[in-house]
Every structure is written in structure tokens, then in C-alpha cells.
Amino acid sequence: MARAPWGCYPWLVLLCACAWGRPKSLDLREDVRNCSISPPYLPVTVVNTTAQLTALRQQMHTQNVSAYIVPDTDAHMSEYIGDYDKRRAWITGFTGSAGIAVVTMGKAALWTDSRYWTQAERQMDCNWELHKEVGTTPVVTWLLTEIPVGGRVGFDPFLFSINSWENYNVALRDSDRELASITVNLVDLLWGSERPPVPSEPIYALQEAFTGSSWQEKVSGIRSQMQKHREAPTAVLLSALDETAWLFNLRSSDIPYNPFFYSYTLLTDSSIRLFANKSRFSSETLQYLNSGCTDSMCVQLEDYGQVRDSVQAYTSGAVKIWIGTSYTSYGLYEVIPKEKLIADTYSPVMVTKAVKNSKEQTLLRASHVRDAVAVIRYLVWLEENVPKGTVDEFSGAELLEKFRGEEEFFSGSSFETISASGLNAALAHYSPTKELHRKLSSDEMYLLDSGGQYWDGTTDITRTVHWGTPSAFQKEAYTRVLIGNIDLSRLVFPAATSGRMVEAFARRALWDVGLNYGHGTGHGIGNFLCVHEWPVGFQSGNIAMAKGMFTSIEPGYYQDGEFGIRLEDVALVVEAKTKYPGTYLTFEVVSLVPYDRNLIDVSLLSPEQLQYLNRYYQTIREKVGPELQRRQLLKELSWLQRHTEPLASRAAPTASLAPLMTVSALTILSWSV
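It should be emphasised that the depicted structure is a prediction, and the values quoted were computed from it without experimental measurement. (Residues numbered from 1 in each chain as written. Predicted model: local features only at pLDDT ≥ 70, side-chain atom pairs only at ≥ 80, totals over all residues. Heavy atoms only, no water.)

**Structural notes on the overall build of the protein**
Consideration 1: Helix and strand counts for the protein stand at 21 helices and 26 strands.
Consideration 2: For the protein, whose C-alpha radius of gyration is 26 Å, the value lies close to the compact-globule estimate of 26 Å for 673 residues.
Consideration 3: Across its three principal axes, the protein shows a C-alpha extent of roughly 75 × 70 × 50 Å.
Consideration 4: The burial tally for the protein puts 58% of its 673 residues in the buried class.
Consideration 5: Expressed as a percentage of contacts within the protein between residues at least 6 apart in sequence, the contacts between residues at least 24 apart total 73%.
Consideration 6: With an accessible surface of roughly 26500 Å², the protein has 52% of that area assigned to carbon and sulfur atoms.
Consideration 7: The distance from the centre of the 61 positive side-chain charges to the centre of the 74 negative ones in the protein is 3 Å. (Helix = DSSP H or I, 4+ residues; strand = E, 2+ residues; numbered from the N terminus. Rg over C-alpha atoms; globule rule 2.2 N^0.38 Å. Buried < 20%, exposed > 50% of the residue type's maximum accessible area, 1.4 Å probe, protein only. Contact = heavy atoms within 4.5 Å. Areas by Shrake-Rupley, 256 points an atom, 1.4 Å probe, with all protein chains shown as cover. Lys, Arg positive; Asp, Glu negative; His and termini not counted. Charge placed at Lys NZ, Arg CZ, Asp CG, Glu CD.)

Structure (C-alpha cells):
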């Protein structure tokens, strides 16, 4: 599970649920600020935003709007955003990764979820109301009470998804208010010299050894899909940053943890137009893109800021533009006449990218072998040093990154490491900071969720360990999470089955005893691209599983205030061998780090689950062992051999899960896709 970008801050020592658990007596709906007295009581960490708000309201008056919405995204609907796009943080003082701000002529308000309530109260001054709820509905409800009938609500169309625009537009229009698109971002007009600079690192081409196909082959493949489409699109518009990066085999470093660069692509049946900062391309990269010519296989570079005008100009002809609505901003959508638009949830590039060819599969497998070496080195080091009392969550995470950095082709972490000891692990996405962390202890469970970006692949793996004597409940919970991981990993299912239809297999062993987890069961993963690569996974919005897709499988369990468990592997969707003819699929796990034997209650495993686990351990020995031997990491090799010894059943389970699994399968597969 790559980390949803949130965590704790050093000034939350007493109240931060992330570090110390949420005290049962603490009412999180009580604002720690007191703005009703004079002078108001405010934590010393608040940011004075009076000047920003005064300047913004002057701009709003000029634009004739009664309110202005400031979201927490960029123009590409990215999961992570760069400092250059953190407008909401600048205008509010609140630096959490999730939240939407709205400013009227008399008030300013922020909506965010429970992860950030304490943080927001300690960063925002009394200019701001904190609303402890999320979604379009509460924002619109507030707007309707604050702005008059006939009022205009301004927004930057490049920071609104098509769905967001539709939701706000309908609600406001039905109440006689207007949603007004303003293409010049009003916050940008004020930010000035305080704004972080535009990224300027070089945009480079991946070496051929790390690409599954040339960019020319990919362009030809997408054009072939255009020709076969029943509505005959003449162009595909790409807005998500990983789409353009994948199409041209280009990378850079504009976005944290993601090797992307700000860009759009308009691929037509006769031209290729790449919108980016031209100055960032070397002469070699320009030559690689055939940018010096104008025929159908030459990439014409245009300025990033010209994309809206260029798309609008293109629509003046007899054309049809194919888009994926999930990542296209309203700023581009609104200039395409609806009769010239072909809209799918995901673009053809997004769907094509999800299925890896044989070379890409080989590359990803190789990256996981090296990543396993780094993780095993770290686990061995922890086993030696945690009993000394010298290791904390943050220093441990730093050491793991150092070990990964010594692996070939490493290019940084794929997300912020979740290094969580004891009760901190009960929060599924907690991450330590240099100032706020806990010591690792032999008496507590430790959850490590981490990943790397390598030129040949992206990794994401979670292991939970205990160096002392776990309780019976901890062992049972851990084993049931492991059973969920095993049962989904070894599942055989019909081709074209939606991940949502099989997701319950990962939960069934927990459900049996009244346990569950509150996050998703898995997500797609890229080749030196996104650690959360849509549209693959087990959620309702994901596409059907297909041979060649990679997904994480990551059940968990979290005991509030005590401990957390998650076991995450990345798996490749492969064709299953079945007794009778038919097209069936299953998973091949490519993560190669053993689970903690100290936490496995073998008596809970069925013979089939035990056999699967021992086969997996044999695979780890065969693939990682030689690499450890080659590098003379003999201590790590000895550790690997001990931790992958075949497990033997200690007692026959009281009842086999197999018949129940069959019933579950029939029930689950009867659900609609």
C-alpha cells in the first residue's frame, strides 16, 4: 500500500493520533483554537493569512465573483503534487495533503477529513473556519448560505476534474448560483516570488534496455485503436502525466516519488504534439523524438501553456477527440464541442499501459529481486539491532532507503515509507518524521510498507514482524491476514473478471471471526511509473483483470491503539492451468521477502494454504538466494535460508476452508461487475 500522503508533524506531540493513538476522551470536533476571545488563543504554529486573503478578495472583486474555490490538486489530477502546485497550502497555511478551501468576501473555510483536523487547527489562523467533513455536498450547502442568489462562484477549470465540475455546476445552477470558470488562477496572481520555481530538471529518454516497446511502436498501437474505434476519433488527448511519460519513454522528476514531468500530448492520425517546457530537452532527446521534422512520426514540441489554445484550434476542423474523463481537467474539456468529443473513463493509453508485455514483465520481476535484497538486508539489521534499543521508526526508514540506494538502477523511493511500531501501525498510512517517532521494541509489532523506483520497475511491499513473544490474538490476526493474502494470490478465476468481484477472498478469513480492514485490497503498479497505477486493482472503478497486469494484494488488520498488520505483495496476472479447457487467470507473486514465522499460527492454515506458502518460500530461495550469494551477503543468505524453511502443519485445522471458499466463490462471482 503506497502511502496516501499524510502523516504527523512535530508540533502535534500531545494530540497527534498518528504518534500516540487517539485518546478515547478526546473530542476531535472541538477546535483547539479559541477565536471568540480578544485576543484570540492560537497555537504558535498558525500562519497569518490576512494579507493573502485581502489580496485574493481584491482579485475576486475584479472578476465579479462572490466566492472562489481552491482545490488541493494540479492540472493533471495527480495523486501527489509538486510544491509549485500547493496553492491551497499557501492560501490557508494548512499543509496537509487533502482538503478544499473556499473564500467569500466575508469568510474563508476549509473542508478536510479526520486525519488532518488537529493539524489544520494548529496551522490555520482565525480567518479560517474548519469544517470537519468532506465531499461536494457540504461545500455547496455552505456556499448557498454564504452567497446571494445570482452570485458567481469562481474556480480554475484546470484544477477541476470533469466530475467535480458537473457536481458543483448542477448543485449551484439548481439554486440560481453560477459556477464561473476563470482560466487565470487567482492564487497564482498573488503568490509571486514566494511560489516555488517551475521544475527545470532535464527531461530524458529511458535507455532501450528499460522499455518494453519503442515510442514509435506505442504511437502506432494507439493509432491502430483509433482506426478501429466505432466513432472514428481523429485524435487522443492525454492529460495524466504518466500517460505521456509512458508513451514516449520519457522521465524526469517534477512530482515527488513519481518520475514525471508537466506535459500533455495531442496524438492525431497525422501528427504528434507534445506540450512541455522545450528548454528541458537536450539535443539528443530532441533527436530521439524526431522533433526536427513534421511528418506523422515526428514529435512536435509546443509550449506547455499553449495546450488549451491548441486543442481549441484543432477542434475547428472536422475532428473528434478521444479523452479519458478521469484525468482530463474541465479546462480542456470545456473547449471541445460535445459533438466532437469521445469520452471514456480512461484513455486508450491508460488502458494499454496497464497490460505489460513480456519484456516489461521481465523487467519488473528483476526489479523485485533487487528490492528484496534491500528489504532482507534491512530485516536482518533490525533483528540484530532492535534488541539494543537504538533503532527508531525514522532512522530505520532512512537506513532502508540507503540499502535500496545501493541497488542497481535505483532512482528514489516510490512513496514515503510507512515505518510504524506498536500502536502507530494501527493507523494504516502513518509515517514518522525526524522530530516525531517511536523507538522500535522487541515487545511490539513493527509494520514496514515501502517501495522503490528503479529504471526497470516500481516496487511496493509490506511486511509486519515481531521480534519477541506476540500475543495469541496478534498471531491469529496475523495468520488470518496471511490466509487472505494466500487465498487471493492462489485464486483461479475467469478471464475478464473484475477485481471487485474477487476482493472478498482477501477478507474472508478475517470475516470468519468478525475482523476486517478499512482500506482497499490492491492497486496497479507501473514500470518506473506510478506506484498507484490506475485502472488496475480491486475497487469498483477498476477495469477487468487481464493477463499481463500487475497489482498489489494487501489485506491487513488494525487494532486501534495497539498494533497494525499488513502483508502486501505485488502480483502478475497470468494464465491459469486448469483441468478442463477454458480461459482462466490467476496471480504470480513477484515480491520475494518471507513472512514472519514468529507470527504464523500454522494450525490455522489448510493443507492447500500451507503447500502454497512452502512453494512460495522455495521460489524466494531460488530467485533471491543466488543474488545474495553472488554479492557475498552470506549473513543475509543464512537468514533467508532459515526464514524459508518449509513449514509443517502442527495440527489439522478443525474445519477446512475449502468448501466454504467454493460457496464464497459462487456468491461473489454472481455479483454484477
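Don't stop here, the text continues.
**Notes on unusual backbone geometry**
Consideration 1: With an omega of 10°, the peptide bond between tryptophan 534 and proline 535 qualifies as cis.
Consideration 2: In this fold, proline 535 is placed in the loop between helix 18 (508-511) and strand 22 (550-553).
Consideration 3: Non-glycine residue phenylalanine 528 carries a positive phi angle of around 55°.
Consideration 4: Counting through the fold element by element, phenylalanine 528 comes out in the loop between helix 18 and strand 22.

**A closer look at the sheet that holds strand 15 (residues 410-413)**
Consideration 1: Strands sit in the order 15-18-19 across an open sheet of three strands; the sheet is antiparallel. Looking along the sheet, the strands with just one partner apiece sit at the ends: strand 15 and strand 19 (457-458).
Consideration 2: Here strand 15 pairs with strand 18 (residues 452-454) via two bridges, running antiparallel. Bridge pairing in strand 18 links serine 413 to glycine 452.
Consideration 3: The strands touched by helix 15 (residues 393-405) within the sheet are strand 15 and strand 18, with strand 15 carrying the most contacts at an inclination of about 165°. (Pairing = 2+ DSSP bridges. Axes fitted to C-alpha atoms, helices over the stretch in contact; angles between N-to-C directions.)

**Details of the side chain of arginine 404**
Consideration 1: As for its placement among the helices and strands, arginine 404 is situated in helix 15.
Consideration 2: Side-chain polar atoms of arginine 404 contact the side chain of serine 450, separated by 3.0 Å.
Consideration 3: Discounting chain neighbours no more than four positions away, the residues touching arginine 404 are Asp371, Ala374, Val375, Phe410, Ser450, Gly451, Gly452, Tyr454, Thr459 and Ile461. (Polar contact = N/O pair within 3.5 Å; in protein donor to acceptor, adjacent residues only side chain to side chain.)

**What about the UniProt feature "domain: Peptidase M24" (unreviewed entry) in the protein?**
Consideration 1: The sites that carry the UniProt feature "domain: Peptidase M24" (unreviewed entry) are, in the present numbering, residues 364-574.
Consideration 2: The distance from the first to the last C-alpha atom of residues 364-574 is 14 Å, and the span holds 29% helix and 21% strand. (UniProt positions renumbered as here; feature names shortened; annotations may be inferred.)

**Looking at the packing of helix 5 (residues 136-146) against helix 6 (residues 162-173)**
Consideration 1: Relative orientation of the contacting elements helix 5 and helix 6 amounts to 35°, with a least axis distance of 10 Å. For the pair helix 5 and helix 6, the sense of crossing is right-handed. Only Asn167, Tyr168, Ala171 and Leu172 of helix 6 make contact with helix 5, whose side of the interface consists of Thr136, Val139, Val140 and Leu144.
Consideration 2: For the contact of helix 5 with helix 6, a count of residues per class yields six nonpolar, two polar and no charged. (Left-handed = near helix turned anticlockwise from the far one by under 90°. Nonpolar A, V, L, I, M, F, W, Y, C, P; charged D, E, K, R; others polar.)

**Thoughts on the sheet that holds strand 26 (residues 584-589)**
Consideration 1: A sheet is described by the order of its strands in space; here four strands give the open sequence 21-26-25-22, paired in antiparallel fashion. The sheet is open, and its two borders are formed by strand 21 (493-494) and strand 22, each paired with just one other strand.
Consideration 2: Summarising the sheet, strand 25 (residues 569-575) and strand 26 pair through five bridges and their orientation is antiparallel. The partner of alanine 571 across the bridge, within strand 26, is valine 589.

**Here we look at the state of the cysteines**
A covalent bond between the sulfur atoms of two cysteines is what we call a disulfide.
Consideration 1: Taken as a whole and judged by the stated rule, the model has two disulfides.
Consideration 2: Here cysteine 293 is linked by a disulfide to cysteine 298, with a sulfur-sulfur distance of 1.6 Å. With the S-S dihedral at roughly -95°, the linkage between cysteine 293 and cysteine 298 falls on the left-handed side.
Consideration 3: Taking relative accessible area as the criterion, cysteine 293 reaches 29% and is therefore assigned partly exposed.
Consideration 4: Each bonded cysteine in the protein gets a number by its place in the sequence, and the pairs come out as 1-2, 3-4. (Disulfide = S-S within 2.5 Å.)

**Here we look at the side chain of asparagine 485**
Consideration 1: Positionally, asparagine 485 belongs in helix 16 (residues 472-489).
Consideration 2: A distance of 3.3 Å separates polar atoms of two side chains, one belonging to asparagine 485 and the other to aspartate 569.
Consideration 3: Apart from the residues within four sequence positions on either side, asparagine 485 is in contact with Ile553, Pro555, Leu567, Glu568, Asp569 and Tyr595.

**A short note on helix 11 (residues 307-314)**
Side chains three or four residues apart in an α-helix point the same way, a direct result of the helix having 3.6 residues per turn.
Consideration 1: Every buried residue belonging to helix 11 is among Val307, Arg308, Ser310, Val311 and Tyr314, and all of these are buried. Buried residues along helix 11 cover an arc of 165° about the axis, so they all sit on one side.
Consideration 2: Tucked into the core, helix 11 has its buried residues touching strand 8 (235-238), strand 10 (264-268), strand 11 (272-276), strand 12 (299-303), strand 13 (321-324) and helix 12 (330-333). (Arc of directions from axis to C-beta.)

**Examining the packing of aromatic side chains**
Consideration 1: Counting across every chain of the model gives 26 aromatic pairs.
Consideration 2: A ring pair is formed by phenylalanine 473 and tyrosine 557, whose centres lie 5.9 Å apart and whose planes are at 85°; its orientation type is edge-to-face. With a gap of 84 residues between them, phenylalanine 473 in helix 16 and tyrosine 557 in strand 23 (residues 556-559) connect regions that are remote in the sequence.
Consideration 3: Feature note: the residues Phe155, Phe160, Trp165, Tyr168, Tyr330 and Tyr333 constitute an aromatic cluster, connected by ring pairs. (Phe/Tyr/Trp six-rings, centres within 6.5 Å; stacked < 30°, edge-to-face > 60°.)

**Topic: the nonpolar core**
Buried together is how nonpolar side chains tend to be arranged in soluble globular proteins.
Consideration 1: The biggest cluster of nonpolar side chains holds 86 residues, and the ones touching the most others in it are Leu488, Phe587, Tyr595, Ile600, Leu613 and Val624.
Consideration 2: The dominant element in this core, judged by the number of residues it contributes, is helix 14 (residues 358-385), at ten residues.
Consideration 3: What valine 624 contacts, discounting residues up to four positions off in sequence, is Ala372, Val373, Ile376, Leu592 and Leu640.
Consideration 4: Leu247, Ile255, Ala276 and Phe415 belong to the second-largest nonpolar core, a separate cluster that totals 40 residues. (Core = buried A, V, L, I, M, F, W, Y, C linked by side-chain atoms within 4.5 Å.)

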